[in-house]
Amino acid sequence: MIARRTALAGAATLGLTGRALADKWPSRPIKLVAPFAPGGGSDFTSRLVAEKLSVQLGQTMVVDNKPGAGGNLGAEVAIKSPSDGYTYLTISGSYAVNSILHKPSFDSLNDIVAIGQFTDEPTVICVHPSVPARTLKEFVALGQRDPGKLAYGSSGPGGLVHLGIEFFLNAAGIKATHIPYRGTGLALNDLIAGNLQFLTGGTTTMLPYIKNGQVRALAVTKRIAAAPDLATYGEQGYPTLDFNLWHGMIGPKGIPPEIVKRLNTELDAVLKSPEVSGRLAQDGVIAVGGTSDAFMATIRAEVKRWQDFIQRTGIKLD
């Protein structure tokens, strides 16, 4: 009986502590760890959100770039930080892949709390203009005629670009040669130069080169106003290729729920503001927002999607 009273008292104390912390939050700058180098899509999205949240919260949110280990270095720092509501992590679709292929030192699902999803960015498959294909059907026919002759680049083995292309190749039943790079930008340069035949990338990266004719787009994962004539994979016979690039915010497990709710509410307001959603739409990116539970469901679904694919195909890092 005494032990039960002690446990109840302890729980009550923890509850009061959490509420007291939430009442004072935020009383100092908040850190948002971006686990990739400055200048990329994750960095841009992180800085846009942090700038607007700083105004909403009345406290500075600082973006801290910590690249390395495919995003796991920054993720480890953030997820192993104190759960006091002052350290968060920007994650992208690669977070789900890393949890399977890279075996991080933390539990990618059970050691976190989801805050909210920033964006959903369609991906586009593009070819060099010299490739004689203007539709997916024509492209697949090329691949069937000369297995392995078409070459594509990626940001590295086991990355989201690599797996996304392999997902398509598997669905189409064709083979191609994978040439890994140390970043999508380097692969894109070689595509433009004609050293690669095709590449998949987010709309933010690919649209400028599509519009100026340096690459030819064959399909997009979701219709976008920025390129209204570009057909989707589903419209061309590949309905399973519906995955996009995405970004969002998580924190270490144990952050008081009052803080999670407050930050989620402010984040949702930022993303649904015409200024932010309109700016993202210019690049074909969709501002998402929504609840923390909805974002956690997205993370779980993405982990399962890639886990099933990797197990089925046996894809490895080498």
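As shown above, the structure is provided for reference.
Rules behind the numbers
- Residues numbered from 1 in each chain as written.
- Predicted model: local features only at pLDDT ≥ 70, side-chain atom pairs only at ≥ 80, totals over all residues.
- Heavy atoms only, no water.
- Helix = DSSP H or I, 4+ residues; strand = E, 2+ residues; numbered from the N terminus.
- Expected span 1.5 Å × (residues − 1).
- Buried < 20%, exposed > 50% of the residue type's maximum accessible area, 1.4 Å probe, protein only.
- Arc of directions from axis to C-beta.
- Contact = heavy atoms within 4.5 Å.
- Core = buried A, V, L, I, M, F, W, Y, C linked by side-chain atoms within 4.5 Å.
- Polar contact = N/O pair within 3.5 Å; in protein donor to acceptor, adjacent residues only side chain to side chain.
- Pairing = 2+ DSSP bridges.
- Phe/Tyr/Trp six-rings, centres within 6.5 Å; stacked < 30°, edge-to-face > 60°.
- Lys NZ or Arg CZ within 6 Å of the ring centre and 35° of its normal.

## With respect to helix H11 (residues 292-313)
An ideal rise of 1.5 Å per residue puts 32 Å on 22 residues; H11 measures up with 32 Å between its terminal C-alpha atoms. Buried within H11 we find Ser-292, Phe-295, Met-296, Ile-299, Glu-302, Val-303, Trp-306, Phe-309 and Ile-310. Summarising the axial view, the buried residues of H11 lie within an arc of 165°, below the 170-degree limit, and thus occupy one face. Away from the buried face of H11 by more than 90 degrees, exposed residues Asp-293, Lys-304, Gln-311 and Arg-312 are located. Tucked inside the fold, the buried residues of H11 contact strand E3 (87-92), helix H4 (94-101), strand E4 (112-121), helix H6 (160-172), strand E10 (245-252) and helix H9 (257-271).

## A short note on the nonpolar core
For soluble globular proteins, the rule of thumb is that nonpolar side chains tend to be buried together. Of all hydrophobic cores here, the largest spans 70 residues; its most connected members are Phe-139, Phe-168, Phe-198, Ile-250, Ile-299 and Trp-306. With eight residues, H6 is the single largest residue contributor to this core. If near-sequence neighbours (up to four positions away) are discounted, Ile-299 is found in contact with Ile-91, Tyr-95, Leu-109, Ile-112, Ala-114, Trp-246 and Ile-250.

## Re the environment of Ser-105
In this structure, Ser-105 sits in the loop between H4 and E4. Setting aside residues no more than four positions away along its own chain, Ser-105 makes contact with Glu-76 and Lys-80. Looking at Ser-105, its side chain comes within polar contact range of the side chain of Lys-80, at 3.0 Å.

## Observations concerning the pairing of E3
Within E3, six of the six residues are buried, leaving the element largely enclosed by the surrounding structure. Side chains Thr-87, Leu-89 and Ile-91 project from E3 onto one buried face, and the interleaved Tyr-88, Thr-90 and Ser-92 project onto a second face that is buried too. Pairing of strand E1 (residues 30-34) with E3, which is carried by three bridges, proceeds in the parallel orientation. Counterpart to Lys-31 in the pairing with E3 is Thr-87.

## Thoughts on the packing of aromatic side chains
For the structure shown, the criterion picks out nine aromatic pairs. For the ring pair Tyr-152 and Phe-198, a centre distance of 5.3 Å and an interplane angle of 45° mean the geometry is tilted. Linking Tyr-152 in strand E6 (residues 151-154) with Phe-198 in strand E8 (residues 198-202), this pair joins segments that are 46 residues apart in sequence. Chaining the aromatic ring pairs together yields one cluster made of Phe-139, Tyr-152, Phe-168, Phe-198, Tyr-233 and Tyr-238. A cation over a ring is seen here: Arg-28 above Tyr-86, with NZ or CZ 3.8 Å from the ring centre.

## Looking at unusual backbone geometry
A cis amide bond links Trp-25 with the next residue in sequence, Pro-26, at an omega value of -5°. Tracing the backbone shows Pro-26 in the loop between helix H1 (2-24) and E1. Of note, Lys-103 is a non-glycine position whose phi angle comes to about 45°, a positive value. Positionally, Lys-103 belongs in the loop between H4 and E4. The exposure class assigned to Lys-103 is exposed, which follows from its relative accessible area of 66%.

Remember that the coordinates give geometry; whether it matters functionally is a separate question.
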